[in-house]
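Chain residues, written in single-letter form:
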Amino acid sequence: MADVAAPAWVRNTAPDGTGFIRAGSGAPVLLIHGVGMNAAIWQDQIASMEDRHDLIAIDMLGHGTSPLPPENAALSDFAEQALRLLDHLGLASVSIVGHSMGALVALEIALRAPSRIRSIVCLNAVFRRPETLARAVRERAAALGTHGDPSAIAATLARWFGDPLPENLAGAAATARTALEGVDPEGYARTYRLFAHADAEHAETLAGLAGPALFMTGSDDSNSTPAMSAAMARLAPHGQCLVLSGERHMMAMASPEKVTHHISAFLNAGEAATPQDDPAFDSGEFRRALGSFLTGVTIVTTVSAEGEPRGFTANSFASVSLEPPLVLVCIAKKALGHSAFSTSKGFAINILSESQKAQSGIFASKAADKFATVTWQPGQSGNPLIDGSVAVFDCAMHKLVDAGDHSILIGRVRDFSHNGAQPLGYCRGTYVTPGLSQEALAAAPHGTEVGAILENEGRVLFFETPDGFHELPAGRGLGSPKDAGSLKGCLAAKAVDAQLGFLFAVWDDAADPSRSHVYYRGSVTAPSPGDRQTRLVDIDHIVDLRIADPAVRSMLARYVRERTEDAFGVYVGNAVEGEVRPLARAASSQALTGRR
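Analysis parameters
- Counting from 1, residues in each chain are numbered in the order their sequence is written.
- Owing to the predicted nature of the model, reporting of local features is limited to residues with pLDDT of at least 70; listing and counting of side-chain atom pairs is limited to 80 or more, with chain, interface and lining totals taken over all residues.
- Hydrogens are left out, water is left out, and the side-chain values use all remaining heavy atoms of the structure.
- Only when DSSP finds a minimum of two bridges between them are two strands counted as paired.
- Strands are runs of DSSP state E lasting at least 2 residues, helices are runs of H or I lasting at least 4, and numbering of each runs from the N terminus.
- Axis angles are defined between N-to-C directions and span 0 to 180 degrees, where every axis is a line fitted to C-alpha atoms and, for a helix, only to the segment in contact.
- In what follows, a contact means two residues having at least one pair of non-hydrogen atoms within 4.5 Å.
- Two aromatic rings, drawn from Phe, Tyr or Trp (for Trp, its six-membered ring), form a pair once their centres lie within 6.5 Å of each other, and the interplanar angle then sorts them: stacked below 30 degrees, edge-to-face above 60, tilted otherwise.
- Burial classes: relative accessible area under 20% of the type maximum marks a residue as buried, over 50% as exposed, and values in between as partly exposed (1.4 Å probe, protein chains only).
- Lysine NZ or arginine CZ positioned within 6 Å of the ring centre and within 35 degrees of the ring normal marks a charge as sitting over the ring.
- Helix span, expected: 1.5 Å multiplied by one less than the number of residues in the helix.
- Note that the arc is defined by the directions from the helix axis to the C-beta atoms.
- The quantity known as pLDDT measures the predictor's confidence residue by residue, on a range of 0 to 100.
- Take a side-chain nitrogen of Lys or Arg and a carboxyl oxygen of Asp or Glu: if they are within 4 Å of each other, that pair is a salt bridge.

Comments concerning the sheet that holds strand 13 (residues 346-351)
Now for step 1: The antiparallel open sheet is built from seven strands, whose spatial order is 10-9-13-16-17-12-11. The outermost strands of the open sheet, each flanked by one partner alone, are strand 10 (309-314) and strand 11 (317-321). Taking each pair of neighbouring strands and ignoring which way they run, the sheet shows an average axis angle of 35°.
Now for step 2: Sheet topology places strand 9 (residues 298-303) next to strand 10; six bridges connect them, and they run antiparallel. In the strand pairing of strand 10, Val 303 is matched with Pro 309.
Now for step 3: Packed on one face of the sheet, helix 11 (residues 283-290) meets strand 11, strand 12 (326-332), strand 16 (391-403) and strand 17 (406-418) and runs near 125° to strand 17.

Here's the deal with the packing of aromatic side chains
Now for step 1: Scanning all chains against the criterion turns up eleven aromatic pairs.
Now for step 2: With 5.4 Å between their ring centres and 75° between their planes, Phe 504 and Tyr 559 make a pair best called edge-to-face. Here the residue Phe 504 occupies a position in strand 24 (residues 498-508), and Tyr 559 occupies one in helix 16 (residues 550-565), the gap between them amounting to 55 residues. Each member of the pair, Phe 504 as well as Tyr 559, is classed as buried.
Now for step 3: A connected cluster of aromatic rings, assembled from ring pairs, spans Phe 286, Phe 317, Phe 393 and Phe 416.
Now for step 4: The residue whose ring lies beneath Arg 546 is Phe 469, and the NZ or CZ to ring-centre distance is 4.1 Å.

So, helix 6 (residues 170-182)
Now for step 1: In this model helix 6 runs 18 Å from its N-terminal to its C-terminal C-alpha over 13 residues, within 8% of the 18 Å that 1.5 Å per residue would give.
Now for step 2: Turning to helix 6, its buried residues number three or more, namely Ala 172, Ala 173, Ala 176, Ala 179 and Leu 180. For helix 6, the arc enclosing every buried residue in end-on projection is 120°, short of the 170-degree limit, so these residues lie on one face. Seen from the buried face of helix 6, the exposed residues on the opposite side, beyond 90 degrees, are Thr 178, Glu 181 and Gly 182.
Now for step 3: Summarising the contacts, the buried residues of helix 6 are in contact with helix 5 (150-161), helix 7 (185-197) and helix 9 (251-254).

Here's the deal with the pairing of strand 1 (residues 10-13)
Now for step 1: Where strand 1 meets strand 2 (residues 19-23), four bridges bridge the pair, whose relative direction is antiparallel. Looking at strand 2, one finds that Val 10 is bridged to Arg 22.
Now for step 2: The turn linking strand 1 back onto strand 2 is made up of five residues, and Gly 17 within it adopts a positive phi angle of 95°.

Quick look at the confidence of the model for the chain
Now for step 1: Across the chain, the average pLDDT comes to 87, with 87% of residues at 70 or higher.
Now for step 2: Contacts for the low-pLDDT stretch residues 1-6, under 50 throughout, to residues beyond four places or in other chains number two contacts.

With respect to the pattern of salt bridges
Now for step 1: Across all of its chains, the model carries 15 salt bridges by this definition.
Now for step 2: The salt bridge involving Arg 11 is made with Asp 59; its shortest N-O contact spans 2.6 Å. In this pair, Arg 11 is assigned in strand 1 and Asp 59 in the loop between strand 4 (53-58) and helix 2 (75-89), connecting sequence segments 48 residues apart.
Now for step 3: According to the relative accessible area criterion, Arg 11 is partly exposed, its value standing at 36%.

If you want it as structure tokens, here you go:
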């Protein structure tokens, strides 16, 4: 081993000329890089994992110090190179971590020699590229005679790290540039030509993958997309998919700590655990997210075996359990998507808002390309999450239950989010919108004060006055953004993006009984940090604020209490006395977990 000041590994050469790096001790792991790189790009993973693993990073054929691949190379040539190295090192079986092209080689090894493989991690793997993407990759492969050209390398780095290059990725990009500039042009060209055409190589054989497999990619990787990893995980008998939010193609270099954490967790735990431990859910927050659903409407989504997004509209949604977090949805056996969902390893439930009636109708139809009508993002498990939803639950398949002419999909929630938008309901064959009736407010008597308690991630929006008091957004009537005296005009003047939700309080003014006050709950995006008069105050700190109007002060005290208990009512009365009428009878713990 080298001294402390040097890397804790040295380069070696096998009898066939294969270059490799070996470091650490423990369970053996073979690391296989992608096209244009070399064994040294795994330096961060080696540094983090060498205390528990015997790490072997190989220079694939045509890269680093290894010999060239055949002119018309196949994946089997690269797999046989790796197996020869394992034989040379006397390793009967290993786990493999492969990136991009290295992931294809890893799969080839696992399928050709299953007894040699303990588990496999495929980072940013490609699978059944869409035609437009396949064409672009093959066109780049055909033009590889100019490899080494600075403009071509710059274009590659832009695809990998982003354009413009984020400042925090400059070091990783420089390392990748050095590798690209140093790779043998002929070795690069021969390997890339294979890579450009090998994306469907394992489409028919993945079902025979024997060991545990983790398919991990970045949500922003446009070349090795989340749908590709989700499709591979679906086909592999013991496959799992993990999508890292905000990451791109070279995430192992760009975010080494995050990526290595998930690699290590998977390798150390084996198939018995999921690639990411269940998050420690806040039971109150999880219950509030589930409460977003009002005998409502959902779009349930997954990714098919072909890597295509699939979805259907459903109102048969229910919570099942808080610990572990389980939800369910039903699908008719005669539905066109039944096969895709009943054989899936995961799905997402998107609870729709009042503004998504059209999307609900489209996903309930037999439209050919339903997803062309919505904007969506892949979740952690690769399932489509639809923008604008009131809440989303990204689930792994926990159990499939046969129930008459339907199948019940019970999902274990891996991730969730929710907001204060108004949910879309469905009752007696028609849509209902149980939130704010703006038409009713428009007809309210002139002079009615309309205000709002607007929340953003546990904080409430206030306007601070010059004398140190705090006020809620309010105005004369709901109005419009052009009406400066109205609530909407007040919000527009402060550039506040808010959405009103449910009625919270109605009272008559004690001094002037002809004047009424109406306050709603709602949600708000974070205001501009440059506006010092607009503040988001933690709910727990509202009690410390100076509120001039005693009726508003009393209303806020009730809001804090009911927000904590997650049991809202509507105050009806005057500024001195009245009653809080519950929106619904308090739900029991059984009702909250779906056992009705």
